[in-house]
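# Observations on the three-dimensional arrangement
The primary structure of each chain is shown beneath.
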Amino acid sequence: MRSTAVDYAPSRAERRNFQRVRVKIYGRFMLEDRTEHPCQVIDMSPGNVALRTERVGMPGEKVIAYIDHIGRVEGIVTRTSQDGFAMTVIASDRKKDKLAAQLTWLANKHELDLPEDRRHERVAPRNPMSVLQLTDGRQYQCRIIDLSLSGAAVEIDVKPAIGVQIMLGTMRGQVVRHFEDGVAVEFAVIQRPETLDSEFNTPRA
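Residues numbered from 1 in each chain as written. Predicted model: local features only at pLDDT ≥ 70, side-chain atom pairs only at ≥ 80, totals over all residues. Heavy atoms only, no water.

## Some words on the overall build of the protein
If you tally the helices and strands in the protein, you get three helices and twelve strands. Across the 205 residues that make up the protein, the buried fraction comes to 43%. Considering only residue pairs separated by 6 or more positions, the protein has 55% of its internal contacts joining residues 24 or more positions apart. For the protein, the exposed surface amounts to about 11400 Å²; the carbon and sulfur share of it is 49%. (Helix = DSSP H or I, 4+ residues; strand = E, 2+ residues; numbered from the N terminus. Buried < 20%, exposed > 50% of the residue type's maximum accessible area, 1.4 Å probe, protein only. Contact = heavy atoms within 4.5 Å. Areas by Shrake-Rupley, 256 points an atom, 1.4 Å probe, with all protein chains shown as cover.)

## Description of the sheet that holds strand 5 (residues 71–81)
The pairing of strands in a sheet happens through backbone hydrogen bonds and is either parallel or antiparallel. Judged by pairing direction, the barrel is antiparallel, and its six strands sit side by side in the order 1-2-3-6-5-4 before closing back on the first. Adjacent strand axes in the sheet meet at a mean angle of 45°, parallel and antiparallel pairs treated alike. Two elements, strand 5 and strand 6 (residues 84–89), share six bridges in a ladder whose sense is antiparallel. Its bridge partner lying in strand 6, Thr-80 is registered against Phe-85. (Pairing = 2+ DSSP bridges. Axes fitted to C-alpha atoms, helices over the stretch in contact; angles between N-to-C directions.)

## Re the sheet that holds strand 12 (residues 182–187)
Spatial strand order, 7-8-9-12-11-10: six strands in a closed barrel with antiparallel pairing. Across the sheet, the axes of successive neighbouring strands diverge by a mean angle of 45°, strand direction being ignored. Sheet strands touched by helix 3 (residues 193–200): strand 7 (129–134), strand 8 (139–147), strand 10 (165–168), strand 11 (171–179) and strand 12. Its angle to strand 11, the strand with the most contacts, is close to 80°.

## Section: the confidence of the model for the protein
Averaged over all residues, the pLDDT of the protein equals 80, while 82% of them reach at least 70. Averaged over each element, pLDDT in the protein is lowest for helix 1 (residues 12–17) (43) and highest for strand 7 (94). Note that pLDDT drops below 50 for residues 1–17; the model gives that stretch 28 contacts with residues more than four away or on any other chain. Low pLDDT, under 50, characterises residues 112–119; the predicted model gives this stretch twelve contacts beyond four residues in sequence or across chains. (pLDDT = per-residue confidence, 0-100.)

Below, the structure written as structure tokens:
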């Protein structure tokens, strides 16, 4: 019996009509007890979504998620695993058509915006000291070696696991690589130059 978190399909029709797209976007979701929790989308179609999260809903439980670039998504938990759950998406045909267009755009965007995206110049900030915070609230002082609009190299004593969601200052992201003195972070969204300048006092071209 297969138990993988993303091996789900409420119907064969949905498998035919909606191709799952692997994307790396973040959000929050609310369970029926009205508690809110952070999550990361593993893959998504207009009819289904698989989430990585520390808090897992129960099969049959209604979920309301707010996902970056997508917005509000409602659904029902269909399958759970140790690190997340899968849910159907409850939406009108018009909403699912819109989701399909959004996912196509995101898939194309993620093909370009890789963690080592060299289209974004890396600079050393004038104010390199920052704080890296985990989802459980633990905070660690760190020093930013360099950063770009899409990510940063961070010198830090601890090394959160690859894939872990973090906050670097006020910017959300995830750990994508370890190196000898720290970690590489990919931001959840491409930052604006003004944001980096106000946060880290980056030098201007």
